[in-house]
Amino acid sequence: MLWFWHHGNQLFILFLTPLLGLIFDYTLSKKVILYLLGASVVLFLPVVAGYEYIIPYTVQALGLIALSCLYYFYSRQITRVTPKIISSILIGGLAFIVLKHLAFMDSMSGYQKVEKSWNVNHHKIEYIVDQGFSGRPLLKYEISKYGLIPIVLKKVDRAYDDDTTNSCIVHFTDIRMNFDKCKGTLTDAKTGK
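Residues numbered from 1 in each chain as written. Predicted model: local features only at pLDDT ≥ 70, side-chain atom pairs only at ≥ 80, totals over all residues. Heavy atoms only, no water.

Turning our eyes to something else, we now look at the packing of aromatic side chains. Using the criterion set out here, one finds six aromatic pairs in the structure. Following the ring pairs from residue to residue traces out a cluster consisting of Trp 118, Tyr 127, Tyr 141 and Phe 179. (Phe/Tyr/Trp six-rings, centres within 6.5 Å; stacked < 30°, edge-to-face > 60°.)

Right, dumping it as structure tokens:
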């Protein structure tokens, strides 16, 4: 449930699912819907494996398409036009109310802002300011590795910025790598290469 609080703004668009499903019902064939549903499920598999897309809102778009395709099958069961439209409005309105609440809770929980980003040796390193609801922000470096297809990333480690000496070296302990933020180089902690 906590995941929904932290992604409420991103999930808000899902209230359009019944409307898009109704449009699918009137414009697309069952064969096209099955292709759309299959493609969105296959494209969602990297997310299940822990990867994230580098294209913003890809997951939300895939979720909207998949849920709208599922709504299509529900809408096809209703034979008359008026109940289809009323059902779409009621379900969309209910989803709007629930998702609006989640979006409000997300907006009250703080924010994350990427201050600086580096792409080094098939890795992406981001310096992130994570400001919660109150108090001082958490400063951290997150390192992600590009997948086989370079449109997906997987977070592999993070290091917290508690350096008071202004050192250039950021040490990622789990993957045993050092990042020199002054030179923009990533090296193995053991060998230095």
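Picking up after the structure, the text goes on.
Now for the side chain of Glu 142. Position of Glu 142 among the secondary structure elements: in strand β4 (residues 138–146). One polar contact links Glu 142 to Arg 158, side chain to side chain, over a distance of 3.2 Å. Other than its neighbours up to four places away in sequence, Glu 142 contacts Lys 124, Ile 125, Glu 126, Ile 128, Lys 155, Asp 157 and Arg 158. (Helix = DSSP H or I, 4+ residues; strand = E, 2+ residues; numbered from the N terminus. Polar contact = N/O pair within 3.5 Å; in protein donor to acceptor, adjacent residues only side chain to side chain. Contact = heavy atoms within 4.5 Å.)

In this structure, His 122 is a non-glycine residue whose phi angle is positive, near 60°. Note that His 122 resides in the loop between β2 (111–120) and β3 (123–131). Overall, His 122 belongs to the exposed group, its relative accessible area being 66%. (Buried < 20%, exposed > 50% of the residue type's maximum accessible area, 1.4 Å probe, protein only.)

Counting buried positions along β3 yields seven of nine residues, so the element is predominantly enclosed. As judged from the nine bridges shared by β2 and β3, these two strands associate in the antiparallel manner. Along β3, the bridge assignment pairs Val 114 with Ile 128. Count of turn residues in the β2/β3 antiparallel hairpin: two residues, of which Asn 121 carries a positive phi of about 50°. Direction of pairing for β3 relative to β4: antiparallel, over a ladder of eight bridges. Residue pairing for β4: Tyr 127 is matched across the bridge by Tyr 141. Hairpin connection, β3 to β4: the antiparallel pair is bridged by six residues, and Gly 135 has positive phi, about 90°. (Pairing = 2+ DSSP bridges.)

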